[in-house]
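A structural walkthrough
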Amino acid sequence: MRIVLRDVTLRYDAGLPSATTALSGICLTVEQGECVAVIGPTGSGKTTLLEVMAGLTAPTSGVATIESAGAVRGLRDAVGLAYQFPESQFFEETVFADVGFGPARQGLAEPEIRVRVEEALSRAGLPADKFGGRSPLSLSAGEKRRAAIAGILALSRPFLLLDEPTAGLDPSTAERIADLVRNEVRAGRGVVVVTHDLEFVEAVVSRTVVVGGGAVLADRTTADALADGVLLEGIGLESPPYYALMDRLRRLSHPELDRIGLVLGGARGTGDDRQKP
Ligand SMILES: Nc1ncnc2c1ncn2[C@@H]1O[C@H](COP(=O)(O)OP(=O)(O)OP(=O)(O)O)[C@@H](O)[C@H]1O
Ligand SMILES: [Mg+2]
């Protein structure tokens, strides 16, 4: 099963003076079991792209679908989207009820909802017996984020889209989110993460899509994307320290340094290697 976007263009306020082309000619495929980062400057269309991939916003032109065993179907039932700061949307009195809201709306019976909620909370690292009865507002910042993501996990969909899941979190809490994402990918789900957090990308994600001005500028292995200092500079980001060093060494273009670079590169491995279960 895969999410397929073919030549997707999205215009807000088409025909009005305020018209904005948020996405332009996007072609993208995300397979189940794959983890993809989307990085790009502010206003480059990342959130809009997730909304199109989730089937919440229809493209102005082009096609956005799920392809599965040769058949084509809609995105909505296959994709769960967690917006940036999803914890701002809590409204139930307990964590259990909040995570169970989605499955209840899907029309599931109570026992099934219970199983879904317990499983989702466990996947989010918040055991139901300890956290289920708490008020969502009493949780720590990192627990709130994970409880909110659990609400999306409880929908039990094959694809998970996360908009800036580590924004505003300290490094150790971001690491909990990284574990959550790794486990979802290991379990065979497809995950797309919009982020500015290149440490997260380096540690978790095997493929990186760079967007700018609503278009795909690059779609590469994470190792290749992070090693391209010029590409990252163009979107206002810097290579993580290891990649910046390798990039500088490569640019010196001395045969001996190239050889050292190859040795270091081989020892380091790639995001791809670390991604596989
Ligand atoms: N509902 C809307 N109506 C009109 N224009 C919109 C709407 N939502 C987004 N836009 C515009 O579409 C473009 C892309 O916005 P989008 O939110 O997708 O960017 P982004 O890459 O997620 O930005 P950020 O990194 O700041 O979250 C921007 O120019 C934005 O102003
Ligand atoms: Mg956004």
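Rules used throughout
Residues numbered from 1 in each chain as written. Chains lettered and ligands numbered in written order. Predicted model: local features only at pLDDT ≥ 70, side-chain atom pairs only at ≥ 80, totals over all residues. Heavy atoms only, no water. Helix = DSSP H or I, 4+ residues; strand = E, 2+ residues; numbered from the N terminus. Expected span 1.5 Å × (residues − 1). Buried < 20%, exposed > 50% of the residue type's maximum accessible area, 1.4 Å probe, protein only. Contact = heavy atoms within 4.5 Å. Core = buried A, V, L, I, M, F, W, Y, C linked by side-chain atoms within 4.5 Å. pLDDT = per-residue confidence, 0-100. Pairing = 2+ DSSP bridges. Axes fitted to C-alpha atoms, helices over the stretch in contact; angles between N-to-C directions. Phe/Tyr/Trp six-rings, centres within 6.5 Å; stacked < 30°, edge-to-face > 60°. Near = heavy atom within 4 Å. Polar contact = N/O pair within 3.5 Å; in protein donor to acceptor, adjacent residues only side chain to side chain. Areas by Shrake-Rupley, 256 points an atom, 1.4 Å probe, with all protein chains shown as cover.

A few points about helix α5 (residues 141-153)
Its 13 residues place the ends of α5 18 Å apart at the C-alpha level, agreeing with the 18 Å of an ideal helix rising 1.5 Å per residue. Summarising burial for α5: 11 of the 13 residues are buried, a large majority. Among the residues of α5, Gly-142, Glu-143, Arg-145, Arg-146, Ala-147, Ala-148, Ile-149, Ala-150, Gly-151, Ile-152 and Leu-153 are the ones counted as buried. Where the residues of α5 are buried, they touch β6 (79-82), α2 (95-105), α3 (110-123), α4 (128-131), β7 (159-163) and α6 (171-186).

Comments concerning the nonpolar core
Counting residues in each nonpolar core, the largest one holds 49 residues, and the members touching the most others are Ile-39, Val-99, Leu-121, Leu-162, Val-181, Val-191 and Phe-200. Of all the elements, α5 adds the most residues to this core, at 6 residues. If near-sequence neighbours (up to four positions away) are discounted, Phe-200 is found in contact with Thr-166, Ala-174, Ile-177, Ala-178, Val-181, Val-193 and Val-205.

Concerning the confidence of the model for the chain
Averaged over every residue, the pLDDT of the chain is 90; the share at 70 or more is 91%. Note that pLDDT drops below 50 for residues 267-277; the model gives that stretch 15 contacts with residues more than four away or on any other chain.

Notes on the sheet that holds strand β1 (residues 2-12)
The strand order β2-β1-β4-β5 describes an open sheet built from 4 strands, whose pairing is antiparallel. Whereas interior strands pair on both sides, the edge strands pair on one side only; in this sheet they are β2 (20-31) and β5 (71-73). Ignoring which end each strand starts from, the neighbouring axes of this sheet average 30 degrees apart. Relative to strand β4 (residues 61-68), β1 runs antiparallel, the two sharing 6 bridges. Paired with Val-4 across the bridge in β4 is Thr-65. Its contacts with the sheet put helix α1 (residues 46-53) on β1, β2 and β4, and the angle it makes with β1 is roughly 125 degrees.

Considering the packing of aromatic side chains
For any pair of aromatic rings, the description consists of the separation of the ring centres together with the inter-plane angle of the planes. If you walk through the whole model with that rule in mind, you get 2 aromatic pairs. With 5.0 Å between their ring centres and 85 degrees between their planes, Phe-91 and Phe-101 make a pair best called edge-to-face. Taken as a pair, Phe-91 in the loop between β6 and α2 and Phe-101 in helix α2 lie far apart in primary sequence, 10 residues in all. Owing to a relative accessible area of 52%, Phe-91 belongs among the exposed residues under this scheme. Classification of Phe-101 as partly exposed rests on a relative accessible area of 31%. With 5.0 Å between their ring centres and 85 degrees between their planes, Tyr-242 and Tyr-243 make a pair best called edge-to-face.

Topic: the site of ligand 1
Every residue near ligand 1 is listed here: Tyr-12, Thr-20, Ala-22, Pro-41, Thr-42, Gly-43, Ser-44, Gly-45, Lys-46, Thr-47, Thr-48 and His-196. Here Ser-44 contributes a backbone N or O atom positioned 3.1 Å from an oxygen atom of ligand 1. Within the side chain of Thr-47, one N or O atom sits 2.9 Å away from an oxygen atom of ligand 1. A total of 640 Å² of accessible area belongs to ligand 1 in isolation, and the protein chains cover 60% of it. Of all elements in the fold, only β2 and α1 reach the threshold of two or more residues within the shell around ligand 1.

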